[in-house]
Amino acid sequence: AFVTATGDVRQDGRTALIMAQEGKAAETAAEVSRIFLGIQIQCAQCHDHPYDNWSREQFHELAAFFPRTVVRPKLNSTTRTFEVTSFDRSVGRRPRNENASLEHYMPNLEDPSAKGKLMEPVFFATGEKLDTGNSDLKRRETLAAWMTGLENPWFAKAYVNRIWSELVGRGFYEPV
């Protein structure tokens, strides 16, 4: 539910994960991996991971699940709040903190002004792929299903480690 949450952040606490990352694809991918899989893949954002087998390409394939997820300010008569929502069309006003693309591009480190390489959404833990062009909600629902599926052992291990840490004050693996 945290990965697929949408709506007003004051009314639905599940939106806090995406809200805290300001809806940015790379930051959201890093947090989802860390919290739900126990994998610190964010080290592979700019280069292949120095200690694990995660590649830079795998990090950006995970980020490709989130480029259409946005956080927008929401004003009503008495309060200001924010809303986690989808941006699935190529016209209209896009929030300031997002680029103009509906897809995720891995930055070109040799030429930062270049658009970069178009990334397909691929779940690095199992290798399952989703075509580009799918809606934001379809991407996030698919990723959530793959993350919690039987083919992926990382979710269960991370969950048990987190629960054990809460029960006895220290996880099997640190940091939690």
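Note that the structure is a prediction, hence the values are computed from the model and not measured.

## Regarding the side chain of Thr28
Okay, so step 1: Relative to the helices and strands, Thr28 is located in helix α2 (residues 25–37).
Okay, so step 2: Judged by its relative accessible area of 2%, Thr28 falls in the buried class.
Okay, so step 3: At 2.8 Å, the side chain of Thr28 and the backbone oxygen of Lys24 are in polar contact.
Okay, so step 4: When residues no more than four places from it in sequence are discounted, the contact partners of Thr28 are Ile18, Gln21, Gly23 and Phe66.

## What about the environment of Lys117?
Okay, so step 1: Relative to the elements of secondary structure, Lys117 occurs in strand β5 (residues 117–118).
Okay, so step 2: With residues up to four places along the chain from it excluded, the contact list for Lys117 reads Glu57, His104, Tyr105 and Met106.
Okay, so step 3: Only 2.8 Å separates the side chain of Lys117 from the side chain of Glu57, close enough to count as a polar contact.

## With respect to the packing of aromatic side chains
Okay, so step 1: Considering all chains together, one arrives at six aromatic pairs under this definition.
Okay, so step 2: Taking the centre distance of 5.7 Å and the plane angle of 65° together, the rings of Phe123 and Phe124 count as edge-to-face.
Okay, so step 3: Among the residues examined, Phe123 registers a relative accessible area of 0% and is labelled buried.
Okay, so step 4: Following the ring pairs from residue to residue traces out a cluster consisting of Trp54, Phe123, Phe124 and Trp154.
Okay, so step 5: Over the ring of Trp154 we find Lys157, and its NZ or CZ is 5.7 Å from the ring centre.

Procedures and definitions
- Residues numbered from 1 in each chain as written.
- Predicted model: local features only at pLDDT ≥ 70, side-chain atom pairs only at ≥ 80, totals over all residues.
- Heavy atoms only, no water.
- Helix = DSSP H or I, 4+ residues; strand = E, 2+ residues; numbered from the N terminus.
- Buried < 20%, exposed > 50% of the residue type's maximum accessible area, 1.4 Å probe, protein only.
- Polar contact = N/O pair within 3.5 Å; in protein donor to acceptor, adjacent residues only side chain to side chain.
- Contact = heavy atoms within 4.5 Å.
- Phe/Tyr/Trp six-rings, centres within 6.5 Å; stacked < 30°, edge-to-face > 60°.
- Lys NZ or Arg CZ within 6 Å of the ring centre and 35° of its normal.

Keep in mind these numbers describe shape, not what the thing actually does.
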